[in-house]
Amino acid sequence: MSGLRIVSAGFAPTLQDHGRPHVQHLGVPPAGALDPVALRIANALVGNPADTAVIELRVMGPTVEVETGSVRVALVGTDAPVEILGDRKVEAPSHQSILLSRGRRFRVGSLSDTGVAYLAVQGGFDLEPVYGSLSTYTRAKIGGLDGRALRDGDLLPLNRGEADDRAELRCADRSWRRDNGPVRVVLGPQDDYFTADSTAAFFASEYRVTREADRMGMRLDGPVLAHAKGHDIVSDGIATGAIQVPGNGRPIVLLADHQTTGGYPKLGTVVSADVPRLGRLRPGDALRFARVEVEEAEAARRVLEERIDRIVERFGPAEPWLDEDALYRRNLVSGIVEPG
Amino acid sequence: MTETNSEPRPAPRFLSAGDAALVVEFGNAVDPAINHRVMRLGEAARAAGLPGLVDLVPTLRSLMVHYDPTVTSRRAVEERLRDLMADTGGTPVVGRLWEFPTLYGGEMGPDLEDVAKRTGLSPERVVELHAGTGYEAFMMGFMPGLAYLGIIPPELELPRRSEPRVRVPAGSVAIATNLTNVYSLESPGGWHLLGRTPVALFDLHRDPPVLLQAGDRVRFVPVGRDAYDELRDRMEAGDTAFAPVEAEDRA
């Protein structure tokens, strides 16, 4: 067996791709990357199709050893560097592809600037998808490696034994990470369950992400919402980004691992263009909400898609982090030695 | 089960759920007639193959339509659904019929005695009523593979337990309000546990892992310990051949 050895897992990393949103009718939560924008950029940097599974990192990254010929990886979503361990520690910046050869150890430290970051590997992981996705949903032990977060000592099998021969890429545009305007919300489906004053206060106030935040959802601290006609509904469907308000009036924004149906009224739904921003938030972060109509939400999503396309088109050549071992190996194999 | 045009049909409401989903709400109650309208629109939408459709999630009283907003729009989806709604009235699809061998009472059904006491029935009568009724899967939810089945005989209706259990084993057959279900995975739960079936409603080693879908029909068949153990052993050994006793009827 060869692949990527998780020497030390850090804070419960999971494999995530675009998830399985098409089997919610079977009660299976969509799961998938909390920040689909970072997922896409990370995959593009290593030359993967956009929906290839990557390692989603939260709080503290892992230490990893390359136990295959060579790998091309990219860390996206944080300013933390990839620390390449050895006799002499070298730091390779995030947001660029890096080529690492067999035996190399690297580490991603503490993620103090984001809720999630992604480590993409060229070719992706050689694991069995569940309903077409490798996304890990730990509550039902679905996807990823045995349906669980990665642990110390795990070996992640890869689809490629060697990274291919290509120039390393760098994503210079990091502006997408700094969007900090109000999070846009479309009212409904149960906005009629709340008093007009409550709804007005919701959009006028600042909320903070509490420590009760995980891949399923984040509870917010701020003005408590008053229900106009009870806090129980006959269960209906849940969309990612739904703002659910249980009996205590404290809103919970539901994220990728949300249940497919639920019995609490939902004041509104965060627009799809802003859902990736929710994943980047950390406990203690402040946010405000702004009400928009569906058409504005659709326009915002188009703008986001065009922006990501442009970011990917404008990838430039990477800073020269050269893994001398890897270069040497490749030259031996191909028989070509480029002039130094 | 067939609705006639003479029955009152309040106009469904189209509710927003962001820009990647909408809800078609047919009512606000646990009512098979409402659920049948939900199911029929879901069937029609799936058959029509809406562009950008991601998933259709029927619930007891509404249909959630998940779609890809980079491919289609709220307006296009809503228009198409309204057209389909005008045309649906045809033969409803009769889902597959499953029979789940169930061991009632004892350690498998720790609430059977309590349910009997609270309903004023004998435990035997509770089993007779629960197993003597055919159920429909109105919706899936709460966890992968869990179906909300109903309607149970009114004599068995009880609110949820005031103290939910921290751990309910997979396969537990349970009741609450006017519904019954089978826990597809071990989880916390507040329903009253009448028995257990060895049938795996969610099994990653089976393709597809989830056994039931909304629209299916279910019966519980009381069995003794030996029959339960035999089927459980077969299932645990990887026998994935458990099949419905009647196929779906689209005629």
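Residues numbered from 1 in each chain as written. Chains lettered and ligands numbered in written order. Predicted model: local features only at pLDDT ≥ 70, side-chain atom pairs only at ≥ 80, totals over all residues. Heavy atoms only, no water.

### Points about the UniProt feature "domain: Carboxyltransferase" (unreviewed entry) in chain A
Here comes step 1: The sites that carry the UniProt feature "domain: Carboxyltransferase" (unreviewed entry) are, in the present numbering, residues 25-307 of chain A.
Here comes step 2: Spanning residues 25-307 of chain A, this segment combines 14% helix with 29% strand, and its end C-alpha atoms are found 32 Å apart. (UniProt positions renumbered as here; feature names shortened; annotations may be inferred. Helix = DSSP H or I, 4+ residues; strand = E, 2+ residues; numbered from the N terminus.)

### Thoughts on the interface of chain A and chain B
Here comes step 1: Taken together, the contacts link 40 residues of chain A with 43 residues of chain B.
Here comes step 2: Both faces considered, chain A and chain B share a buried interface measuring about 3000 Å² in area, 61% of it formed by carbon and sulfur atoms.
Here comes step 3: Among the residues chain A hides against chain B, the three largest losses belong to His-25, Leu-26 and Val-234 of chain A. Together they make up 20% of the total.
Here comes step 4: Along the contact surface separating chain A from chain B lie one salt bridge.
Here comes step 5: Of the charged contacts in the structure, one is a salt bridge between Arg-13 of chain B and Asp-192 of chain A, with a shortest N-O distance of 3.7 Å.
Here comes step 6: The tally of links from chain A across to chain B stands at nine residue pairs in polar contact (both at pLDDT 80 or more).
Here comes step 7: When residues of the side of chain A that touches chain B are traced back to their parent elements, those giving at least two are strand 13 (183-187), strand 16 (236-237) and helix 4 (294-313) of chain A.
Here comes step 8: Of all the elements, helix 4 of chain A adds the most residues to the side of chain A that touches chain B, at five residues. (Contact = heavy atoms within 4.5 Å. Buried area = accessible area lost by both parts, 1.4 Å probe. Salt bridge = Lys/Arg side-chain N within 4 Å of Asp/Glu carboxyl O. Polar contact = N/O pair within 3.5 Å; in protein donor to acceptor, adjacent residues only side chain to side chain.)

### Here's the deal with the domain arrangement of chain B
Residue and element names in this part refer to chain B.
Here comes step 1: In terms of domain boundaries, chain B breaks down into domain 1 (13-92) and domain 2 (97-250).
Here comes step 2: In this structure, domain 1 and domain 2 have C-alpha centres spaced 28 Å apart.
Here comes step 3: Domain 1 puts nine residues into the contact, and the matching count from domain 2 is ten residues.
Here comes step 4: Summing the contributions of domain 1 and of domain 2, the shared interface buries around 830 Å²; its carbon and sulfur component is 63%.
Here comes step 5: Where domain 1 meets domain 2, there are two residue pairs in polar contact (both at pLDDT 80 or more).
Here comes step 6: If you tally residues by element for the side of domain 1 that touches domain 2, the top one is helix 1 (residues 32-48), at five residues.
Here comes step 7: Its residues assigned to classes, the side of domain 1 that touches domain 2 shows five nonpolar, three polar and one charged. (Domains from an automatic or database assignment. Nonpolar A, V, L, I, M, F, W, Y, C, P; charged D, E, K, R; others polar.)

### Structural notes on the sheet that holds strand 8 (residues 97-101) of chain A
All names here are of chain A.
Here comes step 1: Taken together, the five strands give an open sheet; going across it, the order is 2-3-10-5-8, and neighbouring strands pair in antiparallel fashion. Single-partner strands in this sheet number two, and they are strand 2 (14-16) and strand 8. Geometrically, the sheet is characterised by an average inter-axis angle of 35° between neighbouring strands, direction not taken into account.
Here comes step 2: One ladder, built from three bridges, connects strand 3 (residues 54-57) with strand 10 (residues 117-121); its direction is antiparallel. Bridge pairing links Ile-55 to Leu-119 in strand 10.
Here comes step 3: Its contacts with the sheet place helix 1 (residues 36-45) against strand 2, strand 3, strand 5 (70-76), strand 8 and strand 10, and it is angled at close to 150° to strand 5. (Pairing = 2+ DSSP bridges. Axes fitted to C-alpha atoms, helices over the stretch in contact; angles between N-to-C directions.)

### A few points about the packing of helix 1 of chain B against helix 2 (residues 74-87) of chain B
Residue and element names in this part refer to chain B.
Here comes step 1: Packing of helix 1 against helix 2 leaves a shortest axis separation of 10 Å and a crossing angle of 115°. Crossing of helix 1 over helix 2 shows right-handed handedness. Judged by residue contacts, Leu-41, Ala-44, Ala-45 and Ala-48 of helix 1 engage Arg-80, Leu-81, Leu-84 and Met-85 from helix 2.
Here comes step 2: The residue inventory of the contact of helix 1 with helix 2, partitioned by class, reads seven nonpolar, no polar and one charged. (Left-handed = near helix turned anticlockwise from the far one by under 90°.)

### Regarding the environment of Tyr-228 of chain B
Residues and elements named next belong to chain B.
Here comes step 1: As for its position among the elements, Tyr-228 is in helix 5 (residues 225-236).
Here comes step 2: Considered as a pair, Tyr-228 and Arg-80 are 148 residues apart in the sequence and their alpha carbons are 48 Å apart.
Here comes step 3: Those residues in contact with Tyr-228 that lie beyond four places of it in its chain are Leu-103, Met-108, Arg-196, Thr-197, Pro-198 and Val-223.

### Examining unusual backbone geometry
Here comes step 1: A cis geometry characterises the amide bond from Gly-150 of chain B onward to Ile-151 of chain B, with omega recorded as -5°.
Here comes step 2: One can find Ile-151 of chain B in the loop between strand 7 (147-150) and strand 8 (165-168).
Here comes step 3: In this structure, Pro-208 of chain B follows Asp-207 of chain B across a cis peptide bond, with omega equal to 0°.
Here comes step 4: Positive phi is not limited to glycine here, since Tyr-131 of chain A has a value of about 50°.
Here comes step 5: Structurally, Tyr-131 of chain A is set in the loop between strand 10 and strand 11 (155-157).

### Focus on the pairing of strand 13 (residues 217-222) of chain B
Put simply, side chains in a regular strand alternate between the two faces of the sheet.
Residue and element names in this part refer to chain B.
Here comes step 1: When strand 5 (residues 97-104) meets strand 13, the two strands line up parallel, connected through six bridges. Bridge assignment links Trp-98 to a residue of strand 13, and that residue is Val-218.
Here comes step 2: For strand 6 (residues 135-140) and strand 13, the ladder comprises two bridges, and the chain directions are antiparallel. Its bridge partner lying in strand 13, Tyr-135 is registered against Val-218.

### A look at the domain arrangement of chain A
All names here are of chain A.
Here comes step 1: When its domains are assigned, chain A resolves into domain 1 (3-172) and domain 2 (178-306).
Here comes step 2: Computed from C-alpha coordinates alone, the two centres of domain 1 and domain 2 are separated by 28 Å.
Here comes step 3: With 25 residues of domain 1 at the contact, the number on the domain 2 side is 19 residues.
Here comes step 4: Taking both sides of the interface into account, the surface hidden between domain 1 and domain 2 amounts to around 1600 Å²; carbon and sulfur atoms contribute 50%.
Here comes step 5: Linking domain 1 to domain 2 there are four salt bridges.
Here comes step 6: Glu-305 is the partner of Arg-40 in a salt bridge, and the nearest nitrogen-oxygen pair spans 3.0 Å.
Here comes step 7: The tally of links between domain 1 and domain 2 comes to nine residue pairs in polar contact (both at pLDDT 80 or more).

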